[in-house]
Amino acid sequence: PMRTPVVTGTMTVEDGRIRHFDLPHALENISGVVRFDSRGVTLDEVTAQLGGGPVRFGGRVGIEGYRPGRLDVMMNGQNMRLRYPEGMRSVVDANLTLLGTVDAATLSGMVNVRSAIYTRRFDTGGGLIDLTGNASGQAPASIQTTVPLRYDIHLNIPGTLRVENNTVRLVANA
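Note that the structure is predicted; figures quoted are calculated from it, not measured.

Cut-offs applied
Residues numbered from 1 in each chain as written. Predicted model: local features only at pLDDT ≥ 70, side-chain atom pairs only at ≥ 80, totals over all residues. Heavy atoms only, no water. Helix = DSSP H or I, 4+ residues; strand = E, 2+ residues; numbered from the N terminus. Buried < 20%, exposed > 50% of the residue type's maximum accessible area, 1.4 Å probe, protein only. Contact = heavy atoms within 4.5 Å. Core = buried A, V, L, I, M, F, W, Y, C linked by side-chain atoms within 4.5 Å. pLDDT = per-residue confidence, 0-100. Pairing = 2+ DSSP bridges. Salt bridge = Lys/Arg side-chain N within 4 Å of Asp/Glu carboxyl O.

K.L.:
I'm lost on the overall build of the protein chain in this one. Help?
P.N.:
If you tally the helices and strands in the protein chain, you get zero helices and twelve strands. In sequence order, the secondary structure elements of the protein chain are arranged as β-β-β-β-β-β-β-β-β-β-β-β. Counting across all 174 residues of the protein chain, residues that qualify as buried make up 30%. Across the protein chain, every contact between residues at least 6 apart in sequence was considered, and the portion connecting residues at least 24 apart equals 40%.

K.L.:
Honestly, the side chain of N76 in this entry has me stumped. Any pointers?
P.N.:
Tracing the backbone through its elements, the reader meets N76 in strand β5 (residues 67-82). The exposure class of N76 is buried, given its relative accessible area of 18%. Setting aside chain neighbours within four positions, we find N76 in contact with P54, V55, R56, A94 and N95.

K.L.:
Honestly, the nonpolar core in this entry has me stumped. Any pointers?
P.N.:
As a rule of thumb, soluble globular proteins bury nonpolar side chains together. Of all hydrophobic cores here, the largest spans 24 residues; its most connected members are F57, M75 and M80. Going through the elements one at a time, β2 (26-37), β3 (40-50), β4 (53-64), β5, β6 (88-101) and β7 (104-118) are the ones with two or more residues in this core. Looking at this core element by element, the count peaks at five residues for β7. What M80 contacts, discounting residues up to four positions off in sequence, is L50, G51, G53, V55, M75, S90, V91, V92, D93 and A94.

K.L.:
Please explain the confidence of the model for the protein chain as it appears in this structure.
P.N.:
Predicted coordinates in regions of low pLDDT should not be interpreted in detail. Per-residue confidence for the protein chain gives a mean pLDDT of 82; residues scoring 70 or more make up 80%. Averaged over each element, pLDDT in the protein chain is lowest for strand β9 (residues 128-129) (38) and highest for β4 (95). Below a pLDDT of 50 lies the segment residues 126-141, which in the model reaches 21 contacts outside its immediate sequence neighbourhood of four places, other chains included.

K.L.:
Can you walk me through the pairing of strand β1 (residues 8-19) in this structure?
P.N.:
For a regular strand, the rule is simple: side chains alternate between the two faces of the sheet. Two strands pair when backbone bridges link them, and β1 and β2 are joined in this way by nine bridges, in the antiparallel orientation. Paired with V13 across the strands is G32, a residue of β2.

K.L.:
Even after reading the chapter, I still don't get the pattern of salt bridges, so can you show me in this structure?
P.N.:
Side chains bearing opposite charge may pair, as long as their charged atoms lie close to each other. Applying the stated criterion across every chain, the model contains seven salt bridges. In this structure, the salt-bridge partner of R17 is E28, at a minimum N-O distance of 3.3 Å. With R17 in strand β1 and E28 in strand β2, this residue pair connects regions lying eleven residues apart in the sequence. Taking the relative accessible area as the measure of exposure, R17 reaches 54% and is therefore exposed. A relative accessible area of 35% means that E28 is categorised as partly exposed. The partner of E164 in a salt bridge is R162, and the shortest N-O contact between them spans 3.5 Å.

Here's what the structure looks like:
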């Protein structure tokens, strides 16, 4: 039987940038080699910066027809200064893996929070603290995604979480 030949190619990225408009940070200074073949895309030590900290990507995204297939991508970031969610400023290290398919993916790994401070004001209404941070009582807007994710993330906050605003002064760990 005849075999379908595997078409291959490479693309070198230098000083690239990706931004999701609902997030305050862009993935910047993207550099590395991306390898393509008829079965998928492989990330060969792709590096970038997120929140000023170095980030490394590796792994593979399979292609089935014209859609992403099997996901097996890892991300390792250090000393990332993040401003998300609104009102939170943190410095984190993360070692995450995205496994599965576009229809059933799991984001897993470890996030170590070096320091974090929440400064958004709590508005009060009717004598109750509105924990959503707005006077209407509606939940804050969330990022809409077309990829359903299951999470298995271990969060380590060793005595560095602070809340400082008009209502409370708090230091906690988790």
